[in-house]
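# Fold and geometry: a report
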Amino acid sequence: MDRPRARRPGRARLGLLAAVPALGLCAVAAWALGRDDRAPRAHAAAAGEAASCEELSPAALRGKRIYQRGATEDGRPIEGAIVGGAAALSGREAACAGCHGPSGQGTTEGGVTAPPLAAERRLAASGERAGGAGQGRQPGEGAMSAAALVTAIREGRGPAGQWLSPVMPRYRLEEADLSDLVEYLGCVGRDLDPGVTAGSVALGAALPLTGPDAPVGAAARDVLMAAFADVNAQGGIYRRRIELRVEDSAGPSGEAGATARLLERGVLALVGSAFDGDPALRARLSEERAALVGPFAVAGAPGLAGGAAAPGLADGAPAAAAPGLASGATGRAREAAGGGAAGADDLVFQVLPGPDVLARVAVKHLAGAPANAASLALVVHTRDHAGEAWASGARAEAAHRDLPAPPALSFEPGRLSPRDVVGAVRAHAARAVLFWGPGADLASARAALDDIGSAAPIYASLGSIAGSAGAPSRELAGRVLFLYPGSLGERERASEDALHAFLRRAGVAPGPLGVQASAYVAAQIAIEALKRAGAHATREGLIAALEQLRDFDAGPAPPVTFARNRRTGVLGASVFRIDPASDAAVRASAWIEVVP
């Protein structure tokens, strides 16, 4: 077999280099693996070799971290540069997995192909055969010493002194780290991540199983188990059964303790867990590279989490209560979701948008009305994480549209002074009010504005008021414009009917419909990601598959889209009002989406 030839200069545009940073390091390392008798060999493994890769050696574990994350065990980022210093690479952008795939399967992007590194795929692509040298070569021919490999990686020169491809970064990698990487490359594609066996893959959920929220936890657990049982009855995913492991998040150690126990037991990822946005827990998930799919807040969750009524808009007639999604919850979980713009190290994949995104939708809708294009909106919000996120989103969207920063009035929940609202509206000549808080406070503010003859529209999140007021009351009909990020109209009806049918078929007892819908959506997203991740299930592969979901229909939710820097699946909402005469919902806008 001929040696792999270096790609000619100019073959890939410089703009593509950042997308293929690890090509040189791992391609050269893989080439050496197959030809250096002194390095771990990557030929097709015998059964004993495959078994040895299921539990990696300490060196291979360190090498895996380099391969997957572009960082050493002690946190040092791998660093390198394109020829001539055209682009500097560091850390995750230099990780092998970024180009060659989490399982070493190889990728092609922007016309540049990163060869497969998994032993059997690499050999199949190269024409080599297990147990022997390539065609036309004798064993050991072209062997590359460790010193030559270091020269290739650091200087970009091959064993004969030839220059390698200019798209290959020149890396600064210590000998010990290189040895660890080579050790892992002998097992890439054959090692098993936590929670994965030949016949099963374990997912975890931290849910309240005791205390006052136990019915919520039981409802979520039962739906998750039913969704996975449905897949298992069809043969599983790549012949693996999905197992659900659940820990009680209502104990003294809370969600963090329950999640830690799940990670210690060994799960590939978490799905449908209760999560309040704890930064320390988020950091733990990031460090473990364990994704959390479709979390929801239990404590203080608004009505969307408990099946808040969202009047249907089909044919102008009220429909049954929308199933809602617990991911629409207020509090730290939703604030932490931000506007969907999140770094790749954030492994919490939310479904519905938080207060900041909903406030941006309100400002966008307000700015779209010609009479209000340059108007000021008064932001009235609770003095808590969710309220501050609401105010932040309003400011961000106003700045995006070159509008003045909206003034704000904050209050303690249940202690809003209607007189303060009236005074602020008059002082700022506000033409609209963006309100986040309990329904009772909203009703009192609306009544005060009515008393002074103000016609300013009031925007409010259905989720923020539903926690205390349930469905929108007649007191809020007419002038209040509600923001709702779930499905409405015929799609709402169809998704709710489908969910009910699934619950009946699975024998799941009736429970809080919003929680059941949330768990169902989380399960469907996880199932789809497992399918897309491929037969070699890894945490990194699952993360990559989640990041590639585009307009995925998970059931009782709008289509979900994630990306490398987007961790909120739905970035928009509909606007509607309640007709005072008929108590029916009247659509005030089409679906409004904002950019991350």
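Look a little higher up for the structure.
So, here is what we can say about the structure in this document. Small disclaimer: the values here were computed from a predicted structure and weren't measured. (Residues numbered from 1 in each chain as written. Predicted model: local features only at pLDDT ≥ 70, side-chain atom pairs only at ≥ 80, totals over all residues. Heavy atoms only, no water.)

### Description of the overall build of the chain
Across its full length, the chain carries 19 helices and 18 strands. In the chain, which comprises 596 residues, the proportion classed as buried is 57%. For the chain, restricting intrachain contacts to residue pairs at least 6 apart in sequence, the fraction spanning at least 24 positions comes to 72%. Here the chain has roughly 23,400 Å² of accessible surface; of this, 52% comes from carbon and sulfur atoms. (Helix = DSSP H or I, 4+ residues; strand = E, 2+ residues; numbered from the N terminus. Buried < 20%, exposed > 50% of the residue type's maximum accessible area, 1.4 Å probe, protein only. Contact = heavy atoms within 4.5 Å. Areas by Shrake-Rupley, 256 points an atom, 1.4 Å probe, with all protein chains shown as cover.)

### Describing the nonpolar core
Most often, soluble globular proteins have nonpolar side chains that are buried together. Membership of the largest hydrophobic core comes to 55 residues, with the highest contact counts inside it found for Leu203, Ile242, Ile525 and Leu546. When residues of this core are traced back to their parent elements, those giving at least two are β6 (200-207), α8 (214-233), β8 (269-271), α17 (489-506), α18 (513-533) and α19 (539-547). Here this core takes 13 residues from α18, the largest share from any one element. Core analysis: the next-biggest nonpolar cluster, separate from the first, contains 30 residues, Val425, Ala430, Ala448 and Ile465 among them. (Core = buried A, V, L, I, M, F, W, Y, C linked by side-chain atoms within 4.5 Å.)

### A short note on the sheet that holds strand β2 (residues 88-90)
Across the sheet, 3 strands lie side by side as β2-β1-β5; this open sheet has antiparallel pairing. If you trace the sheet from one side to the other, it starts and ends with β2 and β5 (170-172), each paired once. On average, each strand axis in the sheet is inclined to that of its neighbour by 20°, with strand direction left out of account. In this structure, strand β1 (residues 79-81) lies alongside β5, joined through 3 bridges in antiparallel fashion. Residue pairing across strands places Glu79 opposite Arg172, the latter belonging to β5. (Pairing = 2+ DSSP bridges. Axes fitted to C-alpha atoms, helices over the stretch in contact; angles between N-to-C directions.)

### Quick notes on unusual backbone geometry
Of note, Arg289 is a non-glycine position whose phi angle comes to about 60°, a positive value. The exposure class assigned to Arg289 is buried, which follows from its relative accessible area of 4%. For Asp551, which is not glycine, the phi dihedral falls at a positive 50°. Examined against the element boundaries, Asp551 turns out to sit in the loop between α19 and β16 (572-578). By relative accessible area, Asp551 is classed as exposed at 59%.

### As for the pattern of salt bridges
Using the criterion set out here, one finds 22 salt bridges in the structure. For the salt bridge of Glu288 with Arg284, the shortest nitrogen-to-oxygen distance reads 3.1 Å. Of this pair, Glu288 and Arg284 both sit in helix α10 (residues 279-288), 4 residues apart, which is roughly one turn of the helix. For Glu288, a relative accessible area of 27% gives the class partly exposed. Residue Arg284 is classed as partly exposed on the basis of its relative accessible area of 29%. Salt bridges linked by common partners bring Asp74, Arg76, Glu174 and Asp177 together as one network. (Salt bridge = Lys/Arg side-chain N within 4 Å of Asp/Glu carboxyl O.)

### Concerning the packing of α8 against α17
Interhelical geometry of α8 versus α17 gives an angle of 80° and a closest axis separation of 10 Å. In this view, α8 runs roughly perpendicular relative to α17, as classed from their interaxial angle. For the pair formed by α8 and α17, the contact residues are Val223, Ala226, Ala227 and Asp230 on the first element and Phe502, Leu503, Arg505 and Ala506 on the second. Here the contact of α8 with α17 is built from residues that sort into 6 nonpolar, no polar and 2 charged. (Parallel < 35°, antiparallel > 145°, perpendicular 65-115°, else oblique. Nonpolar A, V, L, I, M, F, W, Y, C, P; charged D, E, K, R; others polar.)

### Describing the packing of aromatic side chains
Per the counting criterion, the structure on display carries 6 aromatic pairs. Between Phe349 and Phe562, the aromatic rings sit 5.1 Å apart at their centres with planes inclined by 85°, giving edge-to-face as the arrangement. Of the two residues, Phe349 sits in strand β10 (residues 348-349) while Phe562 sits in the loop between α19 and β16, which places them 213 residues apart along the sequence. Residue Phe562 is classed as buried on the basis of its relative accessible area of 0%. Where Trp390 meets Trp436, the ring centres are 5.3 Å apart and the plane angle is 45°; that geometry is what we call tilted. Residue Trp390 is found in helix α13 (residues 385-400), and its partner Trp436 is found in strand β13 (residues 432-436); the two are separated by 46 residues along the sequence. The buried category is assigned to Trp390, whose relative accessible area is 0%. The exposure class of Trp436 is buried, given its relative accessible area of 4%. (Phe/Tyr/Trp six-rings, centres within 6.5 Å; stacked < 30°, edge-to-face > 60°.)

### A look at the sheet that holds strand β7 (residues 241-248)
Judged by pairing direction, the sheet is parallel, and its 5 strands sit side by side in the order β7-β6-β8-β9-β10 without closing on themselves. With partners counted over all chains shown, the strands left at the sheet margins are β7 and β10, one partner each. For β8 and strand β9 (residues 292-293), the ladder comprises 2 bridges, and the chain directions are parallel. Among the inter-strand pairings, Val271 is bridged to a residue of β9, identified as Val293.

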